[in-house]
Amino acid sequence: MHPAFHRSISFNALSFHIVIIEAGWLQHFVMLDRDLITVFLSIMTPDQLVARTTAIAEHTDPEQRFRLWKAYIEPFFDVTMPGSGLSSCFHAQIDVALVDQLIVGRCAASAQVFERSHLKASEDAHDHLLLQIFQCGSTEADCGRQRLAAGPGDVWILDMAEDLNATNSAFANHTLVLPRSLLDSGATPSLQHLRMIPQDLPIARLFAAYLQSLAESVSTMTQHEAEQIVPATAGIVTAVLNT
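Definitions and limits used
- Residues numbered from 1 in each chain as written.
- Predicted model: local features only at pLDDT ≥ 70, side-chain atom pairs only at ≥ 80, totals over all residues.
- Heavy atoms only, no water.
- Helix = DSSP H or I, 4+ residues; strand = E, 2+ residues; numbered from the N terminus.
- Buried < 20%, exposed > 50% of the residue type's maximum accessible area, 1.4 Å probe, protein only.
- Areas by Shrake-Rupley, 256 points an atom, 1.4 Å probe, with all protein chains shown as cover.
- Expected span 1.5 Å × (residues − 1).
- Bend = angle between axes of the 7 residues up to and from the residue.
- Salt bridge = Lys/Arg side-chain N within 4 Å of Asp/Glu carboxyl O.
- Core = buried A, V, L, I, M, F, W, Y, C linked by side-chain atoms within 4.5 Å.
- Contact = heavy atoms within 4.5 Å.
- Arc of directions from axis to C-beta.
- pLDDT = per-residue confidence, 0-100.
- Polar contact = N/O pair within 3.5 Å; in protein donor to acceptor, adjacent residues only side chain to side chain.
- Pairing = 2+ DSSP bridges.
- Axes fitted to C-alpha atoms, helices over the stretch in contact; angles between N-to-C directions.
- Phe/Tyr/Trp six-rings, centres within 6.5 Å; stacked < 30°, edge-to-face > 60°.

J.: Just to check I follow, could you spell out the overall build of the protein chain for this structure?
T.: Within the protein chain one finds seven helices and 13 strands. Within the span of the protein chain, comprising 243 residues, buried residues form 51% of the whole. Summing over all exposed atoms, the protein chain offers an accessible surface of approximately 11,000 Å²; the carbon and sulfur share of this is 55%.

J.: Which parts of the structure should I look at to understand helix 7 (residues 223-241)?
T.: Residues separated by three or four positions in an α-helix point in the same direction, a consequence of the helix having 3.6 residues per turn. The terminal C-alpha atoms of helix 7 lie 27 Å apart, and with 19 residues this matches the ideal 27 Å at 1.5 Å per residue to within 8%. Maximal helix bending in helix 7 amounts to about 30 degrees, located at Ile229; proline Pro231 follows within four positions. Gln223, Ala226, Val230, Thr233, Ala234, Ile236, Val237, Thr238, Val240 and Leu241 are the residues of helix 7 that are buried.

J.: In this structure, what is going on with the pattern of salt bridges? I would like to understand it.
T.: Pairs may arise between side chains of opposite charge once their charged atoms sit close together. Applying the stated criterion across every chain, the model contains three salt bridges. For Asp127, the salt bridge identified is with Arg180, shortest N-O distance 2.6 Å. Note that Asp127 is positioned in the loop between helix 5 (118-123) and strand 7 (128-136) and Arg180 in the loop between strand 12 (171-179) and strand 13 (195-197), a separation of 53 residues in sequence. Among the residues examined, Asp127 registers a relative accessible area of 32% and is labelled partly exposed. Each of the salt bridges in this network shares a partner with another, and the network as a whole consists of Asp127, Asp159 and Arg180.

J.: How should the nonpolar core be read in this particular structure?
T.: One recurring pattern in soluble globular proteins: nonpolar side chains tend to sit buried together. Core analysis: the biggest nonpolar cluster contains 32 residues, and Trp69, Phe77, Trp156 and Leu164 have the highest contact counts within it. Residues contacting Leu164, with those up to four places away along its chain left out, are Phe77, Phe114, Glu115, Arg116, Ala141, Asp142, Trp156, Leu158 and Leu194. Counting 29 residues, the second largest nonpolar core, distinct from the first, contains Ile133, Leu183, Ala204 and Leu241.

J.: Looking at this structure, I do not really get helix 6 (residues 202-217). What am I missing?
T.: Helix length check: helix 6 (16 residues) gives 23 Å between terminal C-alpha atoms against 22 Å at 1.5 Å per residue, within 8%. Within the span of helix 6, buried status applies to Ile203, Ala204, Phe207, Leu211, Leu214 and Ala215. On an axial view of helix 6, the arc spanned by its buried residues comes to 95 degrees, and they lie on one face. Its buried side turned inward, helix 6 meets strand 5 (102-109), strand 7, strand 10 (155-159), strand 12, strand 13 and helix 7.

J.: How should the confidence of the model for the protein chain be read in this particular structure?
T.: Parts of the prediction with low pLDDT should not have their coordinates interpreted in detail. Per-residue pLDDT for the protein chain averages 77, and the proportion of residues at 70 or more is 75%. When mean pLDDT is taken per element in the protein chain, helix 6 scores highest with 96 and helix 1 (residues 14-23) scores lowest with 30. Note on residues 1-36: pLDDT is under 50 here. Beyond four places in sequence and across chains, it has 82 contacts.

J.: Please clarify how the side chain of Arg65 should be interpreted in this entry.
T.: Examined against the element boundaries, Arg65 turns out to sit in helix 4 (residues 62-73). Here Arg65 falls in the buried class, since its relative accessible area comes to 9%. A polar atom in the side chain of Arg65 sits 2.8 Å from the backbone oxygen of Phe90.

J.: Could you clarify how one ought to interpret the sheet that holds strand 6 (residues 112-116) in this entry?
T.: The pairing of strands in a sheet happens through backbone hydrogen bonds and is either parallel or antiparallel. Ordered by their spatial adjacency, five strands build an open sheet running 3-6-11-8-9, and the pairing between neighbours is antiparallel. Strands with a single pairing partner mark the edges of an open sheet, and in this sheet they are strand 3 (78-80) and strand 9 (146-150). Taken over all neighbouring pairs, the strand axes of this sheet differ in orientation by 15 degrees on average, direction set aside. The sheet contact formed by strand 8 (residues 139-143) and strand 11 (residues 164-168) spans four bridges and is antiparallel. When the bridges of strand 11 are listed, Ala141 appears paired with Ala166. Against the sheet, helix 4 contacts strand 3 and strand 6, and its axis sits at roughly 155 degrees relative to strand 3.

J.: Would you mind showing me how to read the packing of aromatic side chains here?
T.: The geometry of an aromatic ring pair is captured by the separation of the ring centres together with the interplanar angle, meaning the angle of the planes. Per the stated rule, a full pass over the model turns up five aromatic pairs. For the ring pair Phe66 and Phe90, a centre distance of 5.3 Å and an interplane angle of 90 degrees mean the geometry is edge-to-face. Note that Phe66 is positioned in helix 4 and Phe90 in the loop between strand 3 and strand 4 (92-99), a separation of 24 residues in sequence. Both residues of the pair, Phe66 and Phe90, count as buried. With a centroid separation of 5.7 Å and an interplanar angle of 75 degrees, the aromatic rings of Phe77 and Phe114 are classed as edge-to-face. Of this pair, Phe77 sits in the loop between helix 4 and strand 3 while Phe114 sits in strand 6, placing them 37 residues apart in sequence.

So this is what it looks like as C-alpha cells:
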C-alpha cells in the first residue's frame, strides 16, 4: 500500500485480498471479465462482507496526489486537469464496493477532465452501463455531436462501450456500474449513452435516494444480501432507462 494513500479494506477472503492489494484493487474490480468475477464471488461465503475499499489522497505533493488518483480512475477514464493545470489544492477521495455484479461508489474530487477513448472502450473486458448522480458540482460531456450537461440531482448515463469527453467542476457524486445483461430487454440499453434524466422528475429523485442508501449500506452488507439486492437494483435502473 502506498503511504500517500489512506486506504481501508473490508474484505476477508485472504487469498484474493492479497491479489487485489498487490495488483491494484480498482483495476481488478473494474477490469475483471465475467468468468473471473464468477470465480471471485464463488470464494465468498454468504455471511462475508462485500469487498470494499476507501482511499484519500494525502501526499503533500499535489502532483503525487494526482498521479495516485489517476491510477485509481484509469480503468474507467483518462484524467487531466482543466485550464491552467494542477492546483496545489487538488484533493480526491473514493469509496467503492463490489456488490455482487454491481460496482457502487462514492467520490469527491477537484475539477478535472475525464476522457474515455474508442480504444479504451474497445479494450474493456465487459459490457456495462454507468449511472451517476452529483450531490454537488456538475459535468459537461460530449461524444461526437451528442452533448450533455448535468448538475446536482440529475441522473446521467454513460454506455461504457462508447467514447466520452467530460469536464467536471469540483464535485461529489454517487456512481453505479452494472452489466448490460442484467437489464430488461425493453430498456433499450444501446440507446442510453449521454442521456440525462432531470432531477425534477420523480424517477430521478427515487433513484438518487436509492443509490445514496445503497452506497451508505455497503459497509455492513453481506455477500448474501448483495446477491438479493442485484435484481431490485436492475429493476429500478430499467425504470430509469425507460423514462
